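# Close look at the chain arrangement
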Amino acid sequence: MTKRQPGDLFARGSFLTQLSAPVRERLLDLGTVTQRAAGCDLIRQGAVDDLVFVLMEAITKITARAENGSQVLLAVRVSGDIVGDMAALSGGPRSATVTTCRRSTICAIRGPIFLDFLRRSPEAGLTLSRLIGDRLRWANERRLDFAGYDAGIRLARLLLTLSARHGRWGSGELDMGVPLTQAELGELIGAKEVTVQKALRELAERGLIRRVRRGVVITGVAELAELAGTPEMIDQLKPY
């Protein structure tokens, strides 16, 4: 299979885009490239295995089930990202489930082979360390948002954060870039679906967003960033 170049499909800031071309090629040569149907669990919470998956053309959701049985959406991962690395590094059971949202092309690498690659490639090891740091920062930001802002502001901040990494510009509007239902947006900001519906309606009435099927398009980036208290994000959200 011909391997894609960054900028073709990979999300900006993703694991693959941060690797130099030779290192990226060596990594992908270590695994098996396959396609998975939508709704396929690449990883299941509690399983004991060590496969690492590089997402070449994919959108996935990371969910976890609490002891009371409720399921929570933790994050989304898209083309260029890597999943399953934590279990390979720690040797412990899977802490979450990773499910494809559409037909996806992935590269599956055995855990020991991936670890050996990291040992031999300081560039890849440093890139993965930065990526893990970004994940921790994301989690901390969500916790701070929960404590400091109402649901409407939390939603605005989430839309901007997702768009900064996954968004796509078109006709002067910024598509969030990931397919999330209102219920799933609610899971990410700790709010009920009806609360998200109300917040989206208010943002739409103000001309800041436009709702589309399984997603949101930001029509007023600067205004939404100002409302969210994150004007510094405007530069991150400019077309590239």
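Quick caveat: nothing in here was measured; it's all calculated off a predicted structure.

## Some details on unusual backbone geometry
Working note: non-glycine residues mostly have negative phi, and peptide bonds are mostly trans. Backbone geometry places S171, a non-glycine residue, at a positive phi of 55 degrees. When you line up the elements, S171 lands in the loop between β9 (168-170) and β10 (173-175). Look at S171 and you get exposed, because its relative accessible area is 80%.

## A word on the packing of helix α4 (residues 122-148) against helix α5 (residues 151-166)
To characterise two packed helices, one gives the angle between the axes of the helices and the distance between these axes. One way to put it is that α4 packs onto α5 with a least axis distance of 10 Å and a crossing angle of 165 degrees. The orientation of α4 with respect to α5, classified from their angle, is roughly antiparallel. Here α4 and α5 pass one another in a crossing that is right-handed. Contacts between α4 and α5 involve L131, W138, R142, D145 and F146 from the former and R154, R157, L158, T161, L162 and R165 from the latter. Taken together, the residues of the contact of α4 with α5 sort by class into 5 nonpolar, 1 polar and 5 charged.

## Structural notes on the nonpolar core
Core analysis: the largest hydrophobic core is formed by 35 residues, its most contacted members being L155, L159, L180 and L185. Sorting elements by how many residues they give to this core places α5 first, with 8 residues. Aside from chain neighbours lying at most four places away, what touches L180 is K61, L73, V76, L162, L185, L188, R214 and G215. In this structure, L27, V52, M56 and I109 belong to the second largest nonpolar core, which totals 20 residues.

## A short note on the sheet that holds strand β12 (residues 215-218)
Pairing in this open sheet of 4 strands is antiparallel, and the strands run β9-β10-β12-β11 from one edge to the other. The sheet terminates laterally at β9 and β11 (209-212), the two strands that pair on one side only. Between one strand axis and the next, the sheet turns by 30 degrees as a mean value, whatever way the strands run. Bridging between β11 and β12 involves 4 bridges; their strand directions are antiparallel. Bridge pairing in β12 places R211 opposite V216. Packed on one face of the sheet, α5 meets β9, β10, β11 and β12 and runs near 85 degrees to β12.

## Observations concerning the side chain of T97
Along the polypeptide, T97 turns up in strand β7 (residues 97-100). A polar contact is formed between the side chain of T97 and the backbone nitrogen of Q45, at a distance of 3.0 Å. Excluding residues within four positions of it along the chain, T97 makes contact with D41, I43, R44, Q45, K61, I62 and T63.

## Topic: the pattern of salt bridges
Applying the stated rule across the entire model yields 9 salt bridges. With its nearest N and O atoms 2.5 Å apart, the salt bridge here joins R94 to D49. Of this pair, R94 sits in the loop between α2 (85-90) and β7 while D49 is found in the loop between β2 (41-43) and β3 (52-57), placing the two residues 45 residues apart along the sequence. Judged by its relative accessible area of 5%, R94 is buried. Residue D49 is classed as partly exposed on the basis of its relative accessible area, which comes to 33%. In this structure, E202 and K198 form a salt bridge, with 2.6 Å as the shortest nitrogen-oxygen distance. Taken together, the positions of E202 and K198, both in helix α7 (residues 193-205) and 4 residues apart, correspond to about one turn of that helix. Judged by its relative accessible area of 38%, E202 is partly exposed. Classification of K198 as partly exposed rests on a relative accessible area of 45%.

Definitions and limits used
- Residues numbered from 1 in each chain as written.
- Predicted model: local features only at pLDDT ≥ 70, side-chain atom pairs only at ≥ 80, totals over all residues.
- Heavy atoms only, no water.
- Helix = DSSP H or I, 4+ residues; strand = E, 2+ residues; numbered from the N terminus.
- Buried < 20%, exposed > 50% of the residue type's maximum accessible area, 1.4 Å probe, protein only.
- Axes fitted to C-alpha atoms, helices over the stretch in contact; angles between N-to-C directions.
- Parallel < 35°, antiparallel > 145°, perpendicular 65-115°, else oblique.
- Left-handed = near helix turned anticlockwise from the far one by under 90°.
- Contact = heavy atoms within 4.5 Å.
- Nonpolar A, V, L, I, M, F, W, Y, C, P; charged D, E, K, R; others polar.
- Core = buried A, V, L, I, M, F, W, Y, C linked by side-chain atoms within 4.5 Å.
- Pairing = 2+ DSSP bridges.
- Polar contact = N/O pair within 3.5 Å; in protein donor to acceptor, adjacent residues only side chain to side chain.
- Salt bridge = Lys/Arg side-chain N within 4 Å of Asp/Glu carboxyl O.

These figures capture arrangement, not role.
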